[in-house]
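For reference, the chains in residue letters:
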Amino acid sequence: MSNTPMAANPLTRAVLEIDEYASGLGWDQPARLFALVDTARLRVQEPALAAQLGLQDAPETTGLTPIEQDEIPAGKPLDEFLGTIAWPDAVAGCALTVERLMLPPSAEAQVPQGLSEAKLAKWVAEHPERQEVRMTVAVLRDGTRESALRLREKDSATEVLTGPALVPGLAEALVATFAD
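All figures in this text were calculated on a predicted structure; none of them were measured in a lab.

Asks: I'm lost on the packing of aromatic side chains in this one. Help?
Replies: For any pair of aromatic rings, geometry is given as the distance between the ring centres together with the angle between the planes. For the structure shown, the criterion picks out two aromatic pairs. Taking 6.0 Å as the distance between ring centres and 90 degrees as the angle between the ring planes, the aromatic pair formed by Tyr21 and Phe34 counts as edge-to-face. With Tyr21 in helix 1 (residues 10–25) and Phe34 in strand 1 (residues 32–38), the pair connects residues that are 13 residues apart, well separated along the chain. Relative accessible area serves as the criterion here: at 28%, Tyr21 is assigned to the partly exposed category. Assessed through its relative accessible area of 4%, Phe34 is described here as buried. Taken together, a centroid distance of 6.1 Å and an interplanar angle of 20 degrees make the contact between Trp87 and Phe178 stacked. One end of the pair, Trp87, is in the loop between helix 4 (78–82) and strand 3 (91–102); the other, Phe178, is in the segment after helix 6 (168–176), and 91 residues separate them in sequence.

Here's what the structure looks like:
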């Protein structure tokens, strides 16, 4: 994608490409799952798909191409859904983009005890210091990971935070989708 900043490695580029794609769809979107495939391998093994994705003339010889998967079932908790995934050998990695509400660490002491999950979610949604964040997390089969975080209040490509350990729990859940 033309507005995606250049990054040092293919996984970071893929995460930023997915973040840009999600940004173009706007906020308040469902979670989206992507397979990450080796671009060069895709061109050789699936030339028609590569052409459909506009990859046939791309100068890049290394990299990862994100391919969006079917919609994630709305009624199923994300962790349960991820536990049902198995990837074919052609998939080098996977990525997930999901929106959540976050509170700053200073709000942890204010959390009322004994709330149900639904009441806790309502409490967080009403908290004055809440932040809406879009998290894009990608992993490779070997466990390599990368993440991008975009705050709704700073919704700009220049404000996206990247790093391998920003969302460790989600990264672990994605790595588990490659377990035998």
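Now that the structure has been shown, the text picks up again.
Asks: In this structure, what is going on with the nonpolar core? I would like to understand it.
Replies: Nonpolar side chains in soluble globular proteins tend to be buried together. With 27 residues, the main nonpolar core has Leu33, Ile72, Leu82, Trp87, Leu96, Leu170 and Leu174 as its most contacted residues. Residue assignment for this core shows that the elements contributing at least two residues are strand 1, helix 4, strand 3, strand 4 (131–140) and helix 6. Ignoring sequence-local partners within four residues, the contact set of Leu33 consists of Ile67, Glu68, Gln69, Ile72, Phe81, Ile85, Trp87, Ala95 and Leu96. Grouped together as the second largest cluster of nonpolar side chains are 13 residues, Ala14, Ala95, Leu140 and Ala148 included.

Asks: Would you explain the environment of Ala92 in this entry?
Replies: Mapping Ala92 onto the fold places it in strand 3. In this structure, the C-alpha to C-alpha distance between Ala92 and Ser116, residues 24 residues apart in sequence, is 38 Å. Not counting residues within four places of it along the chain, the set of residues in contact with Ala92 comprises Leu36, Val37, Asp38, Leu64, Leu140 and Arg141.

Asks: What should I look at first to understand the sheet that holds strand 3 in this one?
Replies: Where strands meet in a sheet, backbone hydrogen bonds hold them as pairs that are either parallel or antiparallel. Spatial strand order, 2-1-3-4-5-6: six strands in an open sheet with antiparallel pairing. Each edge of the sheet is formed by a strand with only one pairing partner; in this case those strands are strand 2 (64–68) and strand 6 (161–163). When strand polarity is set aside, the average angle formed by the axes of neighbouring strands in this sheet is 20 degrees. Two elements, strand 4 and strand 5 (residues 145–151), share seven bridges in a ladder whose sense is antiparallel. Among the inter-strand pairings, Val133 is bridged to a residue of strand 5, identified as Leu151. Of the strands in this sheet, strand 3, strand 4 and strand 5 touch helix 6, which is tilted by about 35 degrees from strand 4.

Asks: Would you explain the side chain of Thr136 in this entry?
Replies: Here Thr136 lies in strand 4. A polar side-chain atom of Thr136 sits 3.2 Å from a polar atom in the side chain of Thr97. Those residues in contact with Thr136, other than ones at most four positions away along the chain, are Val15, Ile18, Asp19, Leu96, Thr97, Glu146, Ser147 and Ala148.

Asks: Got a minute to help me understand helix 1 in this structure?
Replies: Three or four residues apart is the spacing at which side chains of an α-helix point the same way, because the helix has 3.6 residues per turn. For helix 1, which comprises 16 residues, the first-to-last C-alpha distance of 23 Å matches the rise-based estimate of 22 Å (1.5 Å per residue) to within 8%. Buried residues in helix 1 make contact with strand 1, strand 2, strand 3, strand 4, strand 5 and strand 6. Near the N-terminus of helix 1, the side chain that reaches the backbone nitrogen of Leu11, with its oxygen 2.9 Å away, is that of Asn9. Following helix 1 by one or two positions, Gly26 has its phi on the positive side, about 90 degrees.

Analysis parameters
- Residues numbered from 1 in each chain as written.
- Predicted model: local features only at pLDDT ≥ 70, side-chain atom pairs only at ≥ 80, totals over all residues.
- Heavy atoms only, no water.
- Phe/Tyr/Trp six-rings, centres within 6.5 Å; stacked < 30°, edge-to-face > 60°.
- Helix = DSSP H or I, 4+ residues; strand = E, 2+ residues; numbered from the N terminus.
- Buried < 20%, exposed > 50% of the residue type's maximum accessible area, 1.4 Å probe, protein only.
- Core = buried A, V, L, I, M, F, W, Y, C linked by side-chain atoms within 4.5 Å.
- Contact = heavy atoms within 4.5 Å.
- Pairing = 2+ DSSP bridges.
- Axes fitted to C-alpha atoms, helices over the stretch in contact; angles between N-to-C directions.
- Polar contact = N/O pair within 3.5 Å; in protein donor to acceptor, adjacent residues only side chain to side chain.
- Expected span 1.5 Å × (residues − 1).

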